[in-house]
Amino acid sequence: MMKRTVASVLSFQRGLSSSSFARTTFLCPSFKPIQTPIKRTFYTLQPLKYPIEDGVLPFISPTSLNTHYHHVNLSYCKLVNDLIMGKEGLNAMSPKDLIARVKYDASDALLYHSLGSVLNHVLFFESIKPGGAKMSSDMQKLIELNYGNVEEFQRRFNRNANSIFGNGWTFLVLREGRLEIINTKDGATVYGEEGIEPLLCLDVWEHSYFQDYENRRSDYVARFWKVVDWSEVERKIKNLTPDIW
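Along every chain, residues carry numbers that run from 1 in the direction the sequence is written. For a predicted model such as this one, the threshold for reporting local features is a pLDDT of at least 70, and the threshold for listing and counting side-chain atom pairs is 80 or more; totals across whole chains, interfaces and linings nevertheless cover every residue. With hydrogens and water set aside, each side-chain value is computed from the structure's full complement of heavy atoms.

Note on backbone geometry: most residues besides glycine have negative phi, and most peptide bonds are trans. Backbone torsion omega between Leu-57 and Pro-58 reads 10°, so that peptide bond is classified as cis. Of note, the phi angle at Asp-186 is positive, near 55°, even though the residue is not glycine. Counting from the N terminus, the helices are DSSP H or I runs at least four residues long and the strands are E runs at least two residues long. As for its position among the elements, Asp-186 is in the loop between strand E4 (178-185) and strand E5 (196-203). In this model, Glu-214 sits at a positive phi of 55°, which is unusual for a non-glycine residue. By the element assignment, Glu-214 lies in the loop between helix H6 (210-213) and helix H7 (217-223).

Below, the structure is given as structure tokens:
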């Protein structure tokens, strides 16, 4: 799997092939770039950092993870590819520029929510791993600085996630050196928002938990903390603002 900072979720790279045509690729942590002989970019899934057949226990079963990753997530990738196909100017944009370009255009709402779902899923699957990874003392101090204590932070995060009506996402982000909890609806994303750097994400769409929890979203949200990969969150923060500690 490609090792990238959180900023590289939105990274863009261009080059020239030996046969004088332009090629365009997006380098995203959970996506494999495909080079094409014209200005075009395709999204395609790469393996996760953990075996799908093992699930993300004790949070997500193997069956649920397989459905979520190979069917739901892949469907959004395919939809984005279909929607940018043949659209001059859109199919050569970086994800960040594309999200910003289509966010407020009602005619591109489907593309915005589909690409937002792709990027949100990247962060969600990065945010977890089987058994989780413990929070460092530095990470704990940063949370305490912003929320008083870890328990209060988790209480607020859980409240946000459980308060979403219908489907959505709950994020922990860094804004101007401070931690902040943000919700989005449907496929809306925090990527492309000025001054916001996403660190952690919980998928609160029903498809993410119904196979394992049926309609018990609160149980799903509570168990999230057992698998959070805090080492990944801390890595993102250090890459963004190494002097924050």
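Just to be clear on terms, a salt bridge is a Lys or Arg side-chain nitrogen sitting within 4 Å of an Asp or Glu carboxyl oxygen. Enumeration according to the criterion identifies 13 salt bridges in this entry. Ionic pairing is found between Asp-219 and Arg-216, a salt bridge with its closest N-O pair at 3.2 Å. Working definition: with a 1.4 Å probe on protein chains only, accessible area under 20% of the residue-type maximum means buried, over 50% means exposed, and in between means partly exposed. Residue classification places Arg-216 among the partly exposed positions, given a relative accessible area of 36%. The residue Glu-234 makes a salt bridge to Lys-238 at a minimum N-O spacing of 3.2 Å. Of this pair, Glu-234 and Lys-238 both sit in helix H8 (residues 230-240), separated by four residues, roughly a single helical turn. Here Glu-234 falls in the buried class, since its relative accessible area comes to 10%. Salt bridges linked by common partners bring Glu-126, Glu-232, Arg-235 and Lys-236 together as one network.

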